[in-house]
Amino acid sequence: DGGITQSPKYLFRKEGQNVTLSCEQNLNHDAMYWYRQDPGQGLRLIYYSQIVNDFQKGDIAEGYSVSREKKESFPLTVTSAQKNPTAFYLCAARDTPTDTQYFGPGTRLTVL
Amino acid sequence: QKEVEQNSGPLSVPEGAIASLNCTYSDRGSQSFFWYRQYSGKSPELIMFIYSNGDKEDGRFTAQLNKASQYVSLLIRDSQPSDSATYLCAVKTVYGNKLVFGAGTILRVKS
(Lines give C-alpha, C1' and ligand atoms only; values in the text may rest on other atoms or scores of the structure.)
Protein backbone atom coordinates (compact mmCIF):
# COMPACT_ATOMS: atom_id res chain seq x y z
CA ASP A 1 0.00 0.00 0.00
CA GLY A 2 1.73 3.16 -1.19
CA GLY A 3 1.54 6.45 0.57
CA ILE A 4 2.72 8.69 3.34
CA THR A 5 2.44 7.76 6.98
CA GLN A 6 2.75 10.01 10.00
CA SER A 7 2.97 9.03 13.61
CA PRO A 8 1.72 9.48 16.16
CA LYS A 9 -1.75 10.70 15.24
CA TYR A 10 -2.02 12.63 18.51
CA LEU A 11 0.86 13.89 20.63
CA PHE A 12 0.90 15.70 23.92
CA ARG A 13 3.92 17.69 25.03
CA LYS A 14 4.79 19.16 28.34
CA GLU A 15 6.42 22.54 28.62
CA GLY A 16 10.16 22.35 27.97
CA GLN A 17 10.07 19.02 26.16
CA ASN A 18 11.35 18.24 22.69
CA VAL A 19 9.17 15.91 20.64
CA THR A 20 9.76 14.24 17.29
CA LEU A 21 7.10 13.67 14.67
CA SER A 22 7.62 10.86 12.22
CA CYS A 23 6.98 11.01 8.46
CA GLU A 24 7.64 8.06 6.14
CA GLN A 25 6.87 7.64 2.45
CA ASN A 26 7.15 4.74 0.01
CA LEU A 27 6.33 6.78 -3.08
CA ASN A 28 10.00 7.17 -4.03
CA HIS A 29 9.63 10.96 -4.17
CA ASP A 30 12.78 13.01 -3.67
CA ALA A 31 11.21 16.09 -2.10
CA MET A 32 9.42 16.18 1.25
CA TYR A 33 7.82 19.00 3.21
CA TRP A 34 6.59 19.85 6.69
CA TYR A 35 3.69 22.25 7.24
CA ARG A 36 1.90 23.60 10.23
CA GLN A 37 -1.82 24.39 10.20
CA ASP A 38 -3.56 26.46 12.86
CA PRO A 39 -7.36 26.66 13.16
CA GLY A 40 -8.93 28.65 10.35
CA GLN A 41 -5.60 29.19 8.63
CA GLY A 42 -3.84 27.82 5.62
CA LEU A 43 -0.71 25.73 5.64
CA ARG A 44 2.58 27.35 6.57
CA LEU A 45 5.87 25.80 5.48
CA ILE A 46 8.29 24.82 8.25
CA TYR A 47 11.07 22.94 6.44
CA TYR A 48 11.53 21.13 3.18
CA SER A 49 14.04 18.76 1.67
CA GLN A 50 14.60 18.26 -2.02
CA ILE A 51 17.14 15.47 -1.68
CA VAL A 52 18.68 13.22 0.92
CA ASN A 53 21.08 14.97 3.33
CA ASP A 54 19.83 18.41 2.31
CA PHE A 55 17.03 20.61 3.68
CA GLN A 56 15.99 24.25 3.69
CA LYS A 57 14.11 26.46 6.11
CA GLY A 58 10.60 27.45 5.25
CA ASP A 59 8.68 30.47 6.47
CA ILE A 60 8.39 29.47 10.12
CA ALA A 61 11.45 27.32 10.91
CA GLU A 62 12.29 28.84 14.31
CA GLY A 63 11.91 26.29 17.09
CA TYR A 64 11.93 23.31 14.72
CA SER A 65 14.62 21.00 13.35
CA VAL A 66 14.66 18.24 10.74
CA SER A 67 16.93 15.57 9.30
CA ARG A 68 16.89 13.70 6.01
CA GLU A 69 19.19 10.70 6.30
CA LYS A 70 17.04 8.43 4.14
CA LYS A 71 14.87 9.14 1.14
CA GLU A 72 11.89 7.53 2.84
CA SER A 73 12.05 9.45 6.11
CA PHE A 74 11.81 13.12 7.10
CA PRO A 75 11.29 13.50 10.86
CA LEU A 76 10.45 16.84 12.45
CA THR A 77 11.55 17.78 15.96
CA VAL A 78 9.58 20.43 17.80
CA THR A 79 11.98 21.90 20.32
CA SER A 80 11.30 23.69 23.58
CA ALA A 81 12.24 26.91 21.78
CA GLN A 82 8.96 26.75 19.86
CA LYS A 83 6.73 28.82 22.11
CA ASN A 84 3.36 27.98 20.61
CA PRO A 85 3.60 24.48 19.16
CA THR A 86 -0.04 23.44 19.49
CA ALA A 87 -1.15 22.83 15.90
CA PHE A 88 -1.88 20.25 13.21
CA TYR A 89 1.35 19.12 11.53
CA LEU A 90 1.30 17.84 7.98
CA CYS A 91 4.01 16.08 6.02
CA ALA A 92 3.95 15.98 2.23
CA ALA A 93 5.95 14.47 -0.61
CA ARG A 94 6.17 15.96 -4.08
CA ASP A 95 5.62 14.17 -7.33
CA THR A 96 8.28 15.74 -9.53
CA PRO A 97 6.64 15.54 -12.98
CA THR A 98 3.44 17.28 -11.85
CA ASP A 99 4.79 19.26 -8.86
CA THR A 100 1.84 17.91 -6.91
CA GLN A 101 2.30 17.48 -3.19
CA TYR A 102 0.57 14.55 -1.49
CA PHE A 103 -0.09 14.69 2.22
CA GLY A 104 0.12 12.27 5.07
CA PRO A 105 -2.75 12.01 7.60
CA GLY A 106 -1.17 14.53 9.98
CA THR A 107 -0.17 14.70 13.64
CA ARG A 108 -2.11 16.82 16.09
CA LEU A 109 0.24 18.22 18.75
CA THR A 110 -1.06 19.70 21.97
CA VAL A 111 1.00 21.37 24.66
CA LEU A 112 -0.20 20.60 28.17
CA GLN B 1 -1.01 41.79 0.19
CA LYS B 2 -1.11 38.05 0.80
CA GLU B 3 0.49 35.90 -1.86
CA VAL B 4 -2.59 33.71 -2.28
CA GLU B 5 -6.01 34.99 -1.28
CA GLN B 6 -9.31 33.20 -0.91
CA ASN B 7 -12.64 34.29 0.48
CA SER B 8 -12.92 32.47 3.80
CA GLY B 9 -16.67 31.93 3.43
CA PRO B 10 -18.62 30.06 4.39
CA LEU B 11 -20.08 29.68 0.94
CA SER B 12 -23.48 28.04 1.18
CA VAL B 13 -25.12 26.42 -1.83
CA PRO B 14 -28.14 24.13 -2.16
CA GLU B 15 -27.69 20.54 -3.17
CA GLY B 16 -27.47 20.19 -6.95
CA ALA B 17 -26.26 23.75 -7.53
CA ILE B 18 -22.92 24.92 -8.89
CA ALA B 19 -20.40 26.04 -6.29
CA SER B 20 -17.84 28.59 -7.45
CA LEU B 21 -14.64 29.03 -5.47
CA ASN B 22 -12.14 31.73 -6.31
CA CYS B 23 -8.47 32.37 -5.64
CA THR B 24 -6.17 35.24 -6.57
CA TYR B 25 -2.39 35.24 -6.45
CA SER B 26 0.21 37.97 -6.44
CA ASP B 27 3.22 36.51 -8.28
CA ARG B 28 2.65 37.03 -11.98
CA GLY B 29 5.31 34.47 -12.86
CA SER B 30 3.53 31.55 -11.17
CA GLN B 31 2.94 28.62 -13.49
CA SER B 32 1.34 25.81 -11.49
CA PHE B 33 -1.89 25.90 -9.52
CA PHE B 34 -3.56 23.34 -7.30
CA TRP B 35 -6.90 22.80 -5.58
CA TYR B 36 -7.11 20.67 -2.47
CA ARG B 37 -10.12 19.61 -0.42
CA GLN B 38 -9.80 19.28 3.34
CA TYR B 39 -12.44 17.73 5.54
CA SER B 40 -12.54 18.80 9.17
CA GLY B 41 -9.75 17.14 11.14
CA LYS B 42 -8.26 15.49 8.05
CA SER B 43 -5.33 16.23 5.77
CA PRO B 44 -5.71 17.96 2.38
CA GLU B 45 -6.39 15.78 -0.65
CA LEU B 46 -5.70 16.85 -4.20
CA ILE B 47 -8.68 17.63 -6.41
CA MET B 48 -6.83 18.81 -9.48
CA PHE B 49 -4.01 20.92 -10.84
CA ILE B 50 -3.90 23.31 -13.76
CA TYR B 51 -1.01 24.87 -15.63
CA SER B 52 -2.48 26.44 -18.76
CA ASN B 53 -4.93 29.27 -19.26
CA GLY B 54 -8.48 28.13 -19.76
CA ASP B 55 -10.56 25.33 -18.30
CA LYS B 56 -9.68 21.85 -17.12
CA GLU B 57 -12.47 19.43 -16.33
CA ASP B 58 -12.42 16.31 -14.18
CA GLY B 59 -15.80 14.80 -13.46
CA ARG B 60 -17.92 17.33 -11.57
CA PHE B 61 -14.94 19.64 -11.06
CA THR B 62 -13.68 22.34 -13.42
CA ALA B 63 -10.62 24.47 -12.74
CA GLN B 64 -10.33 27.76 -14.56
CA LEU B 65 -7.10 29.72 -14.89
CA ASN B 66 -6.64 33.29 -16.05
CA LYS B 67 -2.97 34.27 -15.76
CA ALA B 68 -3.50 37.79 -17.07
CA SER B 69 -5.93 38.52 -14.25
CA GLN B 70 -4.04 36.32 -11.81
CA TYR B 71 -6.93 34.25 -10.63
CA VAL B 72 -7.82 30.61 -10.56
CA SER B 73 -11.24 29.22 -9.77
CA LEU B 74 -12.86 25.89 -9.04
CA LEU B 75 -16.39 25.04 -10.10
CA ILE B 76 -18.22 22.13 -8.55
CA ARG B 77 -21.26 21.04 -10.52
CA ASP B 78 -24.19 19.15 -8.98
CA SER B 79 -22.92 19.93 -5.49
CA GLN B 80 -23.50 17.23 -2.91
CA PRO B 81 -23.54 17.43 0.91
CA SER B 82 -20.36 15.32 0.83
CA ASP B 83 -18.64 18.23 -0.93
CA SER B 84 -18.94 20.26 2.29
CA ALA B 85 -15.34 20.93 3.26
CA THR B 86 -12.62 23.57 3.16
CA TYR B 87 -11.08 24.11 -0.26
CA LEU B 88 -7.46 25.21 -0.38
CA CYS B 89 -5.89 26.95 -3.34
CA ALA B 90 -2.11 26.51 -3.72
CA VAL B 91 0.33 28.19 -6.08
CA LYS B 92 3.82 27.00 -6.87
CA THR B 93 6.48 29.63 -6.22
CA VAL B 94 8.50 30.94 -9.12
CA TYR B 95 11.75 30.17 -7.33
CA GLY B 96 12.10 26.96 -5.39
CA ASN B 97 9.83 23.96 -5.44
CA LYS B 98 7.39 25.23 -2.85
CA LEU B 99 3.65 25.76 -2.66
CA VAL B 100 2.02 28.79 -1.10
CA PHE B 101 -1.45 28.06 0.25
CA GLY B 102 -4.42 30.29 0.67
CA ALA B 103 -6.31 30.18 3.96
CA GLY B 104 -9.14 28.21 2.35
CA THR B 105 -12.82 28.67 1.60
CA ILE B 106 -15.39 26.79 3.65
CA LEU B 107 -18.11 25.29 1.44
CA ARG B 108 -21.42 24.12 2.86
CA VAL B 109 -23.82 22.21 0.64
CA LYS B 110 -27.32 22.10 2.11
CA SER B 111 -29.68 19.25 1.32
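None of the values given here were measured: they were computed from a predicted structure.

1. Observations regarding the overall build of chain B
Alright, step 1. Along its length, chain B carries zero helices and 11 strands.
Alright, step 2. Ordered by position in the sequence, the α and β elements of chain B form the string β-β-β-β-β-β-β-β-β-β-β.
Alright, step 3. Relative to a compact globule of 111 residues, whose C-alpha radius of gyration would be 13 Å, chain B shows 13 Å and is just as compact.
Alright, step 4. Viewed in the frame of its principal axes, chain B has a C-alpha envelope of about 45 × 30 × 20 Å.
Alright, step 5. Expressed as a percentage of the 111 residues in chain B, the buried residues total 44%.
Alright, step 6. Contacts in chain B between residues at least 24 apart in sequence constitute 53% of all its contacts with a sequence separation of at least 6.
Alright, step 7. Approximately 5,400 Å² of chain B is accessible, and the part contributed by carbon and sulfur atoms is 46%.

2. Quick word on the interface of chain A and chain B
Alright, step 1. Facing 22 residues of chain A, the contacting portion of chain B comprises 19 residues.
Alright, step 2. Interface area, chain A with chain B, both sides summed: about 1,600 Å², of which 53% is carbon and sulfur.
Alright, step 3. Of all residues in chain A, Leu-43, Asp-99 and Phe-103 of chain A give up the largest surface area on contact with chain B, accounting jointly for 26% of the area buried on that side.
Alright, step 4. Here chain A and chain B share one salt bridge between them.

3. Examining the layout of surface pockets
Alright, step 1. Of the voids in this model, the largest pocket is the one considered here, and its volume is about 430 Å³.
Alright, step 2. Leu-43 of chain A together with Val-4, Val-100, Phe-101 and Gly-102 of chain B are the residues nearest the centre of the largest pocket, which is lined by 18 residues in total.
Alright, step 3. When contributions to the lining of the largest pocket are tallied by element, the ones reaching two or more residues are β5 (43-51) of chain A together with β1 (4-6) and β10 (99-101) of chain B.
Alright, step 4. Each residue belonging to the lining of the largest pocket can be placed in one class, and the counts come to seven nonpolar, five polar and six charged.
Alright, step 5. Looking at the second largest pocket, its volume works out to about 350 Å³.
Alright, step 6. Along its surface, the second largest pocket is lined by 19 residues, and Gln-37, Asp-38, Pro-39 and Gly-40 of chain A together with Gln-38 of chain B are the ones closest to its centre.
Alright, step 7. Across the lining of the second largest pocket, the residue classes tally to six nonpolar, 10 polar and three charged.

4. So, the pairing of strand β11 (residues 107-111) of chain A
Residue and element names in this part refer to chain A.
Alright, step 1. Burial of the side chains of β11 is restricted to one face: Thr-107, Leu-109 and Val-111 are buried, whereas none of Arg-108 and Thr-110 on the reverse face is.
Alright, step 2. Here four bridges tie strand β2 (residues 10-13) to β11, and the two strands are oriented parallel to one another. Pairing of Arg-13 across the sheet is with Val-111, part of β11.
Alright, step 3. Bridge count between strand β9 (residues 87-95) and β11: three bridges; the pairing is antiparallel. For Tyr-89, the partnering residue across the bridge sits in β11 and is Thr-107.

5. Overview of the sheet that holds β1 of chain B
Residue and element names in this part refer to chain B.
Alright, step 1. Here we have five strands laid out as an open sheet, ordered β1-β3-β8-β7-β6, and antiparallel in their pairing. Looking along the sheet, the strands with just one partner apiece sit at the ends: β1 and β6 (54-58). The average angle at which neighbouring strand axes cross in this sheet is 20°, direction not considered.
Alright, step 2. Inspection of the sheet shows strand β3 (residues 19-25) paired to strand β8 (residues 71-76) by six bridges, in the antiparallel sense. Considered in β8, the bridge of Asn-22 is made with Ser-73.

6. Regarding the side chain of Asp-83 of chain B
Alright, step 1. Among the structural elements, Asp-83 of chain B can be located in the loop between β8 and β9 (85-92).
Alright, step 2. Beyond its immediate stretch of four places on either side in the chain, Asp-83 of chain B contacts Arg-37, Arg-60, Phe-61, Ile-76, Asp-78, Leu-107 and Val-109 of chain B.

7. Focus on the pattern of salt bridges
Alright, step 1. Going through the model one piece at a time under the given rule, you end up with eight salt bridges over all chains.
Alright, step 2. Salt bridges sharing partners connect three or more residues here, namely Arg-36, Asp-38 and Arg-44 of chain A.

8. Some words on the pairing of strand β6 (residues 54-57) of chain A
Two faces, one strand: in a regular strand the side chains alternate between the faces of the sheet.
Residue and element names in this part refer to chain A.
Alright, step 1. Bridge count between β5 and β6: three bridges; the pairing is antiparallel. Bridged to Tyr-48 within β6 is Gln-56.
Alright, step 2. Linking β5 back to β6 in an antiparallel pair, the connection comprises two residues, with Asn-53 at a positive phi of about 65°.

Quick notes on the rules
- Residues numbered from 1 in each chain as written.
- Chains lettered and ligands numbered in written order.
- Predicted model: local features only at pLDDT ≥ 70, side-chain atom pairs only at ≥ 80, totals over all residues.
- Heavy atoms only, no water.
- Helix = DSSP H or I, 4+ residues; strand = E, 2+ residues; numbered from the N terminus.
- Rg over C-alpha atoms; globule rule 2.2 N^0.38 Å.
- Buried < 20%, exposed > 50% of the residue type's maximum accessible area, 1.4 Å probe, protein only.
- Contact = heavy atoms within 4.5 Å.
- Areas by Shrake-Rupley, 256 points an atom, 1.4 Å probe, with all protein chains shown as cover.
- Buried area = accessible area lost by both parts, 1.4 Å probe.
- Salt bridge = Lys/Arg side-chain N within 4 Å of Asp/Glu carboxyl O.
- 1 Å grid on protein atoms, 1.4 Å probe; cavity = no way out; pocket = protein on both sides within 12 Å on 5 of 7 lines; lining within 4 Å.
- Points joined across faces, edges and corners; volume = space filled by probe spheres on them.
- Nonpolar A, V, L, I, M, F, W, Y, C, P; charged D, E, K, R; others polar.
- Pairing = 2+ DSSP bridges.
- Axes fitted to C-alpha atoms, helices over the stretch in contact; angles between N-to-C directions.

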